[in-house]
Amino acid sequence: MTDTDLVVRRRHRAPLRLSHVLEGANDIELRAYQDRVEANSDLITTDFYLNKKGAVTAVQGDATLGDIGDVTYLLDSFFAGTPLPKGMMGYTDGMARDILEDLKRDYFDEVDQLQDMLALVYEFGFRLQLLLRGINPDAEAFSITFAERRTETLSQTTDRALKLQALGLPKSMVWEEIGYNAADVEARRQSDAKHYDPYPEPNAPPAVKVTPGNGRKGDSATSVSHEH
């Protein structure tokens, strides 16, 4: 109710109004006068001509129209029910940059979780569709590939892959984590090694080091070195 009252006040009490009083005018005369006045309502300046005793009185609007505390409150109330931070929609007044960065990261985490949930539901629906068609999904070879997440920059995606590799995860899982098909990557790697690699001799795997807290915004810093 309070929010509704704020909106009603902002919309209906803010503009300037004119009170037209025509003493002794009947309904037909009053309607004709109103039509003439409203026909010129789009003009910047409108003159009123009366042949009866009357007056045009200005009714002032809301004197506190410049105070937008109610608008700020309504925006806060709106964004409180959404996972999207208000600052990401351009309302950054009074918000520090580091706070906005944290809110942005939390929002992207929520989007990623939502994407993962939708991916699981889609895969479950696909398997159910196979069962309804009389096909056992466990007896057939199929794969479902989802597009790479877009809530990360390329540097963040690469950093995450290097950290997973440093933890000892198999390379195939690392490729799948960042959105690539591991079998396709391996086939392309072998093909490039035969046709484009000027040094076909096998080299030692790169050494990946992760230093927690050394990166931007407190992230871990990663470094890759090649030993020959």
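Note that the coordinates shown come from a computational prediction; the quantities given were computed from them, not determined experimentally.

When you go through the protein chain residue by residue, the secondary structure sums to seven helices and four strands. Helices and strands in the protein chain line up, N terminus first, as α-β-α-β-α-α-α-α-α-β-β. Residue burial in the protein chain is summarised as follows: out of 228 residues, 11% are buried.

With 76% of its residues at a pLDDT of 70 or more, the protein chain has an overall mean of 76. Here strand β4 (residues 221-225) is the element of the protein chain with the lowest mean pLDDT, 70, and helix α6 (residues 171-177) is the one with the highest, 86.

Right, let's get into a negative patch on the surface. A grouping of Asp-98, Asp-102, Asp-106, Asp-109 and Glu-110 is seen on the molecular surface, where their side chains present a negatively charged patch. Positionally, Asp-109 belongs in helix α4 (residues 97-132).

Turning next to helix α5 (residues 154-166). Taking 1.5 Å of rise per residue, the 13 residues of α5 would be expected to cover 18 Å, and the 18 Å separating its terminal C-alpha atoms lies within 8% of that figure. Residues of α5 that are buried: Thr-157, Asp-159, Arg-160, Ala-161, Leu-162 and Leu-164. Note on α5: the residue one or two positions beyond its end, Gly-168, has a positive phi of about 100 degrees.

Now for a nonpolar patch on the surface. Side chains of Leu-114, Met-117, Leu-118 and Val-121 sit close together on the surface and give an oily, nonpolar patch of about 410 Å² of accessible area. Looking at the secondary structure, you find Val-121 in helix α4.

Before going further, it helps to spend a moment on the packing of aromatic side chains. Tallying each qualifying case throughout the model produces two aromatic pairs. Measuring from centroid to centroid gives 5.8 Å for Tyr-107 and Phe-108, while their planes differ by 40 degrees, and the two rings are tilted. Taking relative accessible area as the criterion, Phe-108 reaches 21% and is therefore assigned partly exposed. With 6.0 Å between their ring centres and 90 degrees between their planes, Trp-175 and Tyr-180 make a pair best called edge-to-face.

This part covers the pattern of salt bridges. Counting across every chain of the model gives four salt bridges. Note that Asp-159 and Lys-163 form a salt bridge whose closest N and O atoms lie 2.7 Å from each other. Of this pair, Asp-159 and Lys-163 both sit in helix α5, separated by four residues, roughly a single helical turn. Residue Lys-163 is classed as partly exposed on the basis of its relative accessible area, which comes to 23%. The residue Glu-177 makes a salt bridge to Arg-160 at a minimum N-O spacing of 2.9 Å. With Glu-177 in helix α6 and Arg-160 in helix α5, the pair connects residues that are 17 residues apart, well separated along the chain.

Turning our eyes to something else, we now look at the side chain of Asp-159. Taking relative accessible area as the criterion, Asp-159 reaches 18% and is therefore assigned buried. Every residue in contact with Asp-159, bar those within four places of it in the chain, is listed here: Ser-220 and Thr-222.

What counts and what doesn't
Residues numbered from 1 in each chain as written. Predicted model: local features only at pLDDT ≥ 70, side-chain atom pairs only at ≥ 80, totals over all residues. Heavy atoms only, no water. Helix = DSSP H or I, 4+ residues; strand = E, 2+ residues; numbered from the N terminus. Buried < 20%, exposed > 50% of the residue type's maximum accessible area, 1.4 Å probe, protein only. pLDDT = per-residue confidence, 0-100. Patch = residues over 30% accessible without salt bridge, like charges linked within 9 Å, V, L, I, M, F, W, Y side chains within 5 Å. Areas by Shrake-Rupley, 256 points an atom, 1.4 Å probe, with all protein chains shown as cover. Salt bridge = Lys/Arg side-chain N within 4 Å of Asp/Glu carboxyl O. Lys, Arg positive; Asp, Glu negative; His and termini not counted. Charge placed at Lys NZ, Arg CZ, Asp CG, Glu CD. Expected span 1.5 Å × (residues − 1). Phe/Tyr/Trp six-rings, centres within 6.5 Å; stacked < 30°, edge-to-face > 60°. Contact = heavy atoms within 4.5 Å.

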